Amino acid sequence: MGFLNRLLHGVPKGFAGELEKDEGVAATAAVRGGGHLVATSLGLWVPDEEGPRRIGWHLVSKAAWGDGAMVITEADEVDNAGGAVVLADREPSRYVVEAPGKLPQAVQRRVTGSIRSRHRKDLPGGGAWFVQRKLSGQDGIVLQVRPDPGTDLELVKEIAAEVVAQLRARPAE
């Protein structure tokens, strides 16, 4: 399927990223100033100073389309809490696209499709999102926790570890 997608949709001319063997292309769009956004089965390729790089769908915290631009908020994995991954959002990156084609829909579908469940918990100093996500190209689900700035990180990690323990104790469906 990846080869067929690549054959039908293809990567844009001049795209220097190296796709995985079975990484299918869903949509592409040229970015003003150079480079391309390329939505694939494994993530979103974005132009970077050192060339194109892929952001896995599970690390796209937010993707918004408006006023001719795609705004991507990427997360970094900053810690681990009993099997849960603690995330911190980067500053959003804005990519001006003149001919988006199906890119906004492809990105929306992939980002929301990676989410299995989400829950917001208010905590002293802020709160945190607890999100179960499917990792592209891998089996299984991961629990991610994204605390708000100013939220007690140790408390968030404690709660996340308890949630992971409860999820592991559940009988398989």
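Residues numbered from 1 in each chain as written. Predicted model: local features only at pLDDT ≥ 70, side-chain atom pairs only at ≥ 80, totals over all residues. Heavy atoms only, no water.

**Here we look at the sheet that holds strand S4 (residues 53-56)**
- Pairing in this open sheet of 4 strands is antiparallel, and the strands run S1-S2-S3-S4 from one edge to the other. For this open sheet the edge positions go to strand S1 (25-30) and S4, each flanked by a neighbour on one side alone. The sheet shows a mean angle of 20° between the axes of neighbouring strands, direction not considered.
- As judged from the 4 bridges shared by strand S3 (residues 43-46) and S4, these two strands associate in the antiparallel manner. (Pairing = 2+ DSSP bridges. Helix = DSSP H or I, 4+ residues; strand = E, 2+ residues; numbered from the N terminus. Axes fitted to C-alpha atoms, helices over the stretch in contact; angles between N-to-C directions.)

**Let's talk about the confidence of the model for the protein chain**
- Taken over all residues, the pLDDT of the protein chain has a mean of 90, while the share at 70 or more is 94%.
- Mean pLDDT values for the elements of the protein chain range from 43 in helix H1 (residues 2-8) up to 98 in strand S8 (residues 93-96).
- Counting interchain partners and residues more than four positions distant, the pLDDT-below-50 stretch residues 1-8 has 12 contacts. (pLDDT = per-residue confidence, 0-100. Contact = heavy atoms within 4.5 Å.)

**Describing helix H3 (residues 153-169)**
- If you check H3, its first and last C-alpha atoms are 24 Å apart, about what 17 residues at 1.5 Å a residue would give, namely 24 Å.
- All of the buried residues along H3 are Val-156, Lys-157, Ile-159, Ala-160 and Val-164. Summarising the axial view, the buried residues of H3 lie within an arc of 165°, below the 170-degree limit, and thus occupy one face. Looking at H3, the residues exposed on the side facing more than 90 degrees away from the buried face are Glu-154, Gln-166 and Ala-169.
- Turning to H3, the residues buried within the fold contact strand S6 (69-81), strand S7 (84-89), strand S9 (115-123), strand S10 (126-134) and strand S11 (141-147).
- For H3, the N-terminal cap is Asp-152; the gap from its side-chain oxygen to the backbone nitrogen of Glu-154 is 3.0 Å. (Expected span 1.5 Å × (residues − 1). Buried < 20%, exposed > 50% of the residue type's maximum accessible area, 1.4 Å probe, protein only. Arc of directions from axis to C-beta. Polar contact = N/O pair within 3.5 Å; in protein donor to acceptor, adjacent residues only side chain to side chain.)

**A short note on the pattern of salt bridges**
- If you walk through the whole model with that rule in mind, you get 11 salt bridges.
- One salt-bridge network, held together by shared partners, links Asp-48, Arg-53, Glu-74, Asp-76 and Arg-90. (Salt bridge = Lys/Arg side-chain N within 4 Å of Asp/Glu carboxyl O.)

**Remarks on the nonpolar core**
- Grouped together as the largest cluster of nonpolar side chains are 25 residues, with contacts concentrated most on Leu-37, Ala-39, Leu-44, Trp-57, Ile-72, Leu-103 and Val-107.
- Contributions of two or more residues to this core are made by S1, strand S2 (36-40), S3, S6, S7 and helix H2 (103-114).
- No other element matches the 4 residues that H2 contributes to this core. (Core = buried A, V, L, I, M, F, W, Y, C linked by side-chain atoms within 4.5 Å.)

**Here's the deal with the side chain of Thr-73**
- With respect to the helices and strands, Thr-73 occurs in strand S6.
- Look past the residues within four positions of Thr-73 in its chain and what remains in contact with it is Leu-59, Val-60, Ser-61, Lys-62, Asp-89, Arg-90 and Pro-92.

**With respect to H2**
- The terminal C-alpha atoms of H2 lie 17 Å apart, and with 12 residues this matches the ideal 16 Å at 1.5 Å per residue to within 8%.
- Within the span of H2, buried status applies to Leu-103, Pro-104, Ala-106, Val-107, Val-111 and Ser-114. Looking straight down H2, one finds that the buried residues subtend no more than 165° of arc, so they occupy a single side.

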